[in-house]
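# Topology and contacts: notes
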Amino acid sequence: MPLVLCEQRQRLLRTDGHIVVRGGAGSGKTTIALAKACEDLATGRIGNSGKALFLSFARATIARVTEQATATLPKDQLRRIEINTYHGFAWSVLKSHAYLLGTRPGVSLLLPAQARERLVGLAGDARTARQRQLFDEEGLVAFDLFPILLAELLEQSLVLAQAFGNAYPTIIVDEFQDTNDQEWAMISRLGQHSRLIALGDPKQRIYDFKGASPRRFNDFIEAFAPTEFDFLSENNRSAGTDITAFADAILEGAFRQQPYTGVSVVRYAGRSLRPLKQKVLETANRLRRRETWSLAVLVPSNPLAAAVFDYMHGAEHGLPRYPVDIVVSAEGPMLAGMLIALLLEPRTSDIELGAAVLEALAAFEVGRSENASTTAITRSRRMRTLATAVRTLGDRGYGAAGVGPGVRQLLVDVAQLQLTGDPVSDWRAVRAAIAASHRTELQSVAKEARHMRLLRRGAQIEAVLADAWRARGAYVDARSLLRAAVVEDQFSATGRAHQGVSVMTIHKAKGKEFDEVIVFEGPFQRYFVQRGPDSERSTRFNLHVASTRARSNLTVMTPSIDPCHLLPPG
């Protein structure tokens, strides 16, 4: 079925040179960008061998765009449109060419969880300097360095810059409002030899804490003098509702008197999660009459997401058990998974294994949160001191109290397990042994490990562990196999549409859309927290993004005692 285009979109297809498109959620920015790429291919603007490159931050967006392109574009054009994340594209270049910047050949990715351990206690310039030192001396590349290194490569090597310009004459940069200074510098370099099409929504800027600037569109206009297109007033996602109008009112702080169609604000009583579960059960019961449906519960923090997940899986306060999916930050589960993988590997020395477990616990303490607390840093250092003592003194190094004896008992418990060669069963058995410990440090690992999705969502890690067992009768190199799977997952553009009920933070919902959305805050885990002069503005943007994830219905839940002041008065 041919795409019906308004006059403005037809003009966009005919436009040469750099382009900037501002449009709200569901305004069709992606659709017209793909149409523009096809038009440029058909008219020869991209040449005979060049490709159009589509870049976005969220893997959910990449999966959705890939699905859309595969379903709608002719195969001869589809093969000449490359769809990737900013990080995925940068990594593909750095893997092959980072040596030109003077580091050792064969760079490796420094996973976010591992970066947190290596960079703990550092901020600002000191953090960047340490990242650069790890790159220069060890060939380790942290995600934060990706745009910096790629910009340097393109600046220092004109031949390389021209080669990428020839390979990608047109580059579409999505979610442009969220680029920080380093990413903008990288995009600017790419724009020296390629035509740029910048897509974004100023109202969806939620990464100010990482350096996103309200001036970014002006930066682009000043640097490239693009042709500008404005689709900000258009909405195809939640048509027939007032969800977008409500979201805009949150930004402006001015609500109308008449109700917003498709929107309800609930001020719930009490301090438990019971009102949320009641709302989820009520909504799910209504939606499940459809063949496919999706409901997102969006919360302010990962700890609250985990608490909601646990509560939904239990049967408390007279409500039935109702399992839901959860999307959380991967760092804690990944570090917990590494400890389980360590315990699955063949044991050669109890002393070395005990020390390694203590070191894994130390990494978990400082790596599971983006900003490790002073308490976590102190615990981590004590665990590393214990690890050294175990290697030096043997069994006496564990000490008589604290986490040491807990680790020693864990080794005894795991040694008694009869591994079967079934990776899922064996993984769960080790996790259960960790959960049974009386030490809270180990119990925290078991709790995070429940969210290690690789074993349930994809079969890759399960398959490689099964292969290792079949080949050698043991899970040899389980940690390396797990790390390789995590690295691959970091750049995976595949994804599945969310179905049923999913719990996540607003930042995890970026690039996603759902039939209905419940935006929930607890009495003590709030969206608005006064941290500085921009706290209220940032909260308004976050709530705007959360609201516009909904296609048909939006429910916002806030405590009746001290309700969120950014919502309309009740």
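Residues numbered from 1 in each chain as written. Predicted model: local features only at pLDDT ≥ 70, side-chain atom pairs only at ≥ 80, totals over all residues. Heavy atoms only, no water.

## Remarks on the overall build of the protein
Counting its secondary structure elements, the protein contains 25 helices and 14 strands. For 570 residues, the compact-globule formula gives about 25 Å, and the C-alpha radius of gyration of the protein, at 25 Å, lands near that figure. Across its three principal directions, the C-alpha atoms of the protein cover 80 × 60 × 45 Å. Scored against the burial criterion, the 570 residues of the protein give a buried share of 53%. Summarising the internal contacts of the protein: among those between residues at least 6 apart in sequence, 77% fall at separations of at least 24. With an accessible surface of roughly 25600 Å², the protein has 49% of that area assigned to carbon and sulfur atoms. (Helix = DSSP H or I, 4+ residues; strand = E, 2+ residues; numbered from the N terminus. Rg over C-alpha atoms; globule rule 2.2 N^0.38 Å. Buried < 20%, exposed > 50% of the residue type's maximum accessible area, 1.4 Å probe, protein only. Contact = heavy atoms within 4.5 Å. Areas by Shrake-Rupley, 256 points an atom, 1.4 Å probe, with all protein chains shown as cover.)

## Digging into the UniProt feature "binding site: ATP" (unreviewed entry) in the protein
As annotated by UniProt and renumbered to match this structure, "binding site: ATP" (unreviewed entry) occupies Gly 23, Gly 24, Ala 25, Gly 26, Ser 27, Gly 28, Lys 29 and Thr 30. Narrowing the list just given to those that line the largest cavity leaves Gly 24 and Ala 25. As for its position among the elements, Gly 23 is in strand 1 (residues 19-23). Relative accessible area serves as the criterion here: at 0%, Gly 23 is assigned to the buried category. (UniProt positions renumbered as here; feature names shortened; annotations may be inferred. 1 Å grid on protein atoms, 1.4 Å probe; cavity = no way out; pocket = protein on both sides within 12 Å on 5 of 7 lines; lining within 4 Å.)

## Remarks on the domain arrangement of the protein
When cut into domains, the protein gives domain 1 (7-231), domain 2 (242-328 + 496-559) and domain 3 (330-491). Computed from C-alpha atoms alone, the centre-to-centre distance between domain 2 and domain 3 is 34 Å. (Domains from an automatic or database assignment.)

## Some points on the pairing of strand 6 (residues 170-173)
Where burial is concerned, the two faces of strand 6 agree: the one with Thr 170 and Ile 172 and the one with Ile 171 and Val 173 are both buried. Bridge count for strand 2 (residues 52-56) against strand 6 is four bridges, and the pairing is parallel. Counted as the bridge partner of Phe 54 is Ile 172 from strand 6. The pairing of strand 6 with strand 7 (residues 195-200) spans four bridges and is parallel. In the sheet register, Val 173 faces strand 7, and the bridge partner there is Ala 198. (Pairing = 2+ DSSP bridges.)

## Regarding the packing of helix 12 (residues 243-252) against helix 25 (residues 535-547)
Taken N-terminus to C-terminus, the directions of helix 12 and helix 25 make an angle of 175°; their axes are 8 Å apart at the nearest point. Taken together, the axes of helix 12 and helix 25 lie roughly antiparallel to each other. Judged by residue contacts, Ile 243, Phe 246, Ala 247, Asp 248, Ile 250 and Leu 251 of helix 12 engage Arg 540, Phe 541, Leu 543, His 544 and Ser 547 from helix 25. Partitioned by chemical class, the residues of the contact of helix 12 with helix 25 number seven nonpolar, two polar and two charged. (Axes fitted to C-alpha atoms, helices over the stretch in contact; angles between N-to-C directions. Parallel < 35°, antiparallel > 145°, perpendicular 65-115°, else oblique. Nonpolar A, V, L, I, M, F, W, Y, C, P; charged D, E, K, R; others polar.)

## Describing helix 25
The end-to-end C-alpha distance of helix 25, which contains 13 residues, comes to 18 Å, matching closely the 18 Å that a straight helix rising 1.5 Å per residue would cover. Counting buried positions along helix 25 yields 10 of 13 residues, so the element is predominantly enclosed. Of the residues making up helix 25, those classed as buried are Ser 535, Thr 539, Arg 540, Phe 541, Asn 542, Leu 543, His 544, Val 545, Ala 546 and Ser 547. Of the surrounding secondary structure, the elements contacted by the buried residues of helix 25 are helix 12, strand 10 (294-299), helix 24 (506-509), strand 13 (514-520) and strand 14 (550-559). (Expected span 1.5 Å × (residues − 1).)

## Focus on the sheet that holds strand 13
Taken together, the six strands give an open sheet; going across it, the order is 9-14-13-10-12-11, and neighbouring strands pair in parallel fashion. Two strands in the sheet have a free side with no partner beyond their single neighbour: strand 9 (263-268) and strand 11 (325-327). Within the sheet, the average angular offset between the axes of one strand and its neighbour, ignoring direction, is 20°. Contacts from helix 12 reach strand 9 and strand 14, with the element oriented near 40° to strand 14. Taken strand by strand, helix 13 (residues 274-287) contacts strand 9, strand 10, strand 12 (500-505), strand 13 and strand 14, and its axis lies near 170° from that of strand 13.

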